[in-house]
Amino acid sequence: MTPHAPPWSHSCRVVDSADIASVRAYDPMAPIVAIVDPSSPSDAVLAQLAGADVVLINTDHDDRAELEQGAMSELADRTTLDLAMRAASTIAHRRRRVAAVSRQAGHDVAQALNVIALAAEAGQRGRIDADDAFERIRHLVEQAAPDAWRAGHAHRSSAAVLTRVEVGTFFMRNDLPAAITIAPPPHGLHMLADERRLAQAITELAENAQRANATTILVEALATPDGAWIDIVVSDDGKGLAAHHVDTIGDPFVTDNPSGRLGLGLATVAEQVAELGGQLRVEPAGDRWTTRIAFSFPRVQANTTSYPAADEAPVDQATAQANILEGVVRHAPLSESLEAIVQAIEQQLPGAVCSVLLLHDGSRLRHGAGGRLPRAYRDAIDGVEIGIGQGSCGTSAFTGQPVIASDVTTDEIWADFREIATAHGLRSCWSTPIVAAEGGETLGTFAVYKSTVWKPDDAAVRLVSRFTHLAAVAIEHHRLFGALAESEARFRSAFEGAAAGIALAARDGIVLKTNPALADIVGTSTDQLSGTNLLDLVEPSYRSRIRDAWAHLDVLVDGAGNESVEVLLATAPDRPTTWLSMHTSPIPGQSGQPPYLYVEIRDVTAARQHLADLRAREAAEAANRAKTEFLTLVSHELRTPLNSILGFAQVMQLLDLDDDQRGNAVDQIVKGGRHLRDLIDGLLDLSRIESGQLGVVAEPVDVIGIVRDTIELVRPLATRSRVTLTESASTATPTEVVADTRCVRQVLINLLDNAVKYTGAEGTVDVRIEQLNGRRIRISVCDSGPGIPNESLSAVFRPFHRLEPTSGSERDGTGLGLAVSARLMQEMDGAIGVSSTVGVGSTFWVELPARDQSAPAPADERRAATTSSRS
């Protein structure tokens, strides 16, 4: 394909800024590149005003020799100068074209309108036939219409924006019609064009082809043999162009299909191509295609001083890998890293077109990179399900092994994709799985396509193996940082939006970051909280609790565990009391660094008040129930002896009794009265204890002496019941306890009285004294009675609870002795308990604090403490 003469057939003039005016005056349409002195910024402005198309800074401003195009390598690098000259020539070409078209169109339109007026007047006056006048006018209008359309060329041309365009990138990022098949262009082709207008021109040709019933539309980009031009060729298999249309391509209102764009389609394309500094022409169609239309655009250099030769050595692998890894480290988008890998291998394997497919959800492959792979083919295979027979990539991803289809037209695994591959000129495909470095997970596939039957050699296998591993690194790095970014976003959202106050603090409590909720709780701002110590937020008396909790975190491993405390917020005296719950967890620091603290703080004032109210209500309800039960028991216990007294008194009043009967009645009345008295005394004792009116005097008490005195008081009862009383104590046992003598005596009398009462005839009761841990003395009353069932042990210290009488004994007592004893021991900071075995006997014991023998008190020392009521 040989394009017509380039638009800079008028030589581009490269001149000093001082010569611009004279050159422009001599040739108003000439393309001019001006070289200006960098030490004088105003020169650039003046050069543009004088008419320069492009202004370059002179890199060697000391050289003021005569400037000639052939000597410019001394003043500017060849790449920049070449681009400047082509740009200036394109601008000048557009300027000449606009001027010529506008001048010619204006002249033609004016002439046509003049002739139309004359023909209309002649027809009106009858000088010529009216039909003949009409036919002449119609013919003139047809001639004037193209000129009228061309007259608007100046306005339409003003929107062109010329940039350096890489052809492969252009095809990849411009949304061309889906019907177009794009042949992979050679790597590194750059041209000077307007991307938007170029895409519009290709789209217009594709729509024309579809209107001409084309089923296949192919777009190719090729460099001309001389390296100066890039041809964009659009081929289709439609009905083709009429012969007269081939000769008039680019003329307006010439069409084979009047319904389509009124014949302005190709005219618009031709105009757009011309505005971009290119040319439009019709190429020989050949066997497969019916129409081939080519655009020729000036090729510009990229980053080299000469155009790349076909056999140019590619960038070395080490440099390519280093560049890719640099992009991975700086967190470049995954598509950018994968595209760089694809381009690196394409440079190493001449004639290859490569792509990366990423495995999604473990079942489907999605496009990841491969801008030179035809778009229609990419769309066709995007989302393919992996499995045997799903082309090279689908099979490779499924098996985890490389798959080589040297000829897709005969390979069985390409049966479903053979047609779409051959339609885009793809004859062989080699796919390699991209496998994660750890775990062996398949991440995607790397494919190498060629337009010929081909198998990779050992060098190609080694090359792709290295870059496939690099792709795995890029994908895993992207996943890792994507997951980290997502996790950070979730944490940040949860942190900022949490209802609870949250602080991230150093190990000593210095606040590093807080959320708005914490600032609201403590009544300040997040900025004021930053840098403060969490300990300063609470009352001083509670800070030790927090320190202890944080100290316990030191024994936790890898951040496991947490500590919670409730503390009082430090507030001004006029502010209400605020209770805080501080829940602390350690966050491991970096290697060798101490952990951070994650502290969740909640205002629990209302919760504590609610709990206190609930407990108070429950305690009041329990007290009311106990009071009701107690009153019921008291009423029953009082009525029993009272009924006996009243009954025998009425008998004596109503009946005439003999002396024995009267004496028996009197005994029963006396017995009932005494029982009633004992009940009242016991109730009064309980009442005084519960109300805190019982004065307990804590003093040294000789425990052996008081035990012996108590035994002597109970011995008459034991003698009558034929029960043997004994006492045993170790000589090493301390003789003194700290207690109230009267209370201890009453407790021991109650225990001995019960033991004698329930033991029965011929039984034994032994009082033992022993030391416990050097700080407590236990007094045990052991009997040989029938024992107490396990189900009754828990109730023996309840008021009015009495055991069933033993054989031959009566149910006696008020049932208050053990209850009073338990409350008395509680008042003296002592303890009371029982153990029993049915058929063997029972042991009731009390414990009292031993007096410290190492610091004896004076004889008159007394430590009295009036206790308050206790629950």
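The notes below deal with the structure included here. (Residues numbered from 1 in each chain as written. Predicted model: local features only at pLDDT ≥ 70, side-chain atom pairs only at ≥ 80, totals over all residues. Heavy atoms only, no water.)

1. Description of helix α11 (residues 334–348)
We count it as follows: Helix numbering and strand numbering both begin at the N terminus, where a helix is a DSSP run of H or I of at least 4 residues and a strand a DSSP run of E of at least 2. For a helix, the expected span equals 1.5 Å multiplied by the number of residues minus one. Remark: exposure states derive from per-residue accessible area (1.4 Å probe, protein chains only) relative to the maximum for the residue type, with buried under 20%, exposed over 50%, and partly exposed in between.
Along its 15 residues, α11 runs 21 Å from first to last C-alpha, staying within 8% of the 21 Å computed at 1.5 Å per residue. For α11, the complete set of buried residues consists of L334, S337, L338, E339, I341, V342, A344, I345 and E346.

2. What about the packing of aromatic side chains?
One pair of aromatic rings is described through two measures. These are the centre distance and the angle between the planes. We apply this condition: Pairing of aromatic rings covers Phe, Tyr and the six-membered ring of Trp, with a centre-to-centre limit of 6.5 Å; geometry is then stacked below 30 degrees between planes, edge-to-face above 60, and tilted otherwise. Our definition puts a charge over a ring when NZ of Lys or CZ of Arg is within 6 Å of the ring centre and also within 35 degrees of the ring normal.
Scanning the model with the defined rule gives six aromatic pairs in all. Each ring, one from W430 and one from W454, has its centre 6.1 Å from the other, and the planes form 55 degrees; the classification is tilted. Pair noted here: W430 is in strand β15 (residues 428–435) and W454 is in the loop between β16 (442–450) and α15 (458–497), with a separation of 24 residues, a long-range link. According to the relative accessible area criterion, W430 is buried, its value standing at 4%. A relative accessible area of 17% means that W454 is categorised as buried. Centre to centre, the rings of Y542 and W579 are 5.5 Å apart; their planes meet at 85 degrees, and the pair counts as edge-to-face. With a gap of 37 residues between them, Y542 in the loop between α17 (526–529) and α18 (543–552) and W579 in strand β20 (residues 579–587) connect regions that are remote in the sequence. Owing to a relative accessible area of 15%, Y542 belongs among the buried residues under this scheme. One residue, R608, lies across the ring of W579, its end atom 3.7 Å from the ring centre. Sitting over the face of the ring of W845, R778 holds its NZ or CZ atom 4.0 Å from the ring centroid.

3. Quick notes on the state of the cysteines
Convention followed: The definition used for a disulfide is geometric: two cysteine sulfur atoms within 2.5 Å.
For the structure on display, the rule yields zero disulfides. C354 forms no disulfide, and the closest cysteine sulfur to it belongs to C429, at a distance of 9.7 Å.

4. Some thoughts on unusual backbone geometry
Backbone geometry at D361 places phi at a positive 55 degrees, although glycine is not the residue there. Mapped onto the secondary structure, D361 falls in the loop between β11 (353–360) and β12 (364–369). In this structure D361 comes out as exposed when scored by relative accessible area, which is 80%. Even without a glycine there, the phi angle at E762 is positive, about 65 degrees. Within the secondary structure layout, E762 lies in the loop between α22 (741–759) and β25 (764–772). Residue E762 is classed as exposed on the basis of its relative accessible area of 60%.

5. With respect to α15
Its 40 residues give α15 an end-to-end C-alpha distance of 58 Å, which sits within 8% of 58 Å, the value for a rise of 1.5 Å per residue. Within α15 the residues assigned to the buried category are A460, L463, V464, F467, T468, L470, A471, A472, A474, I475, H477 and F495.

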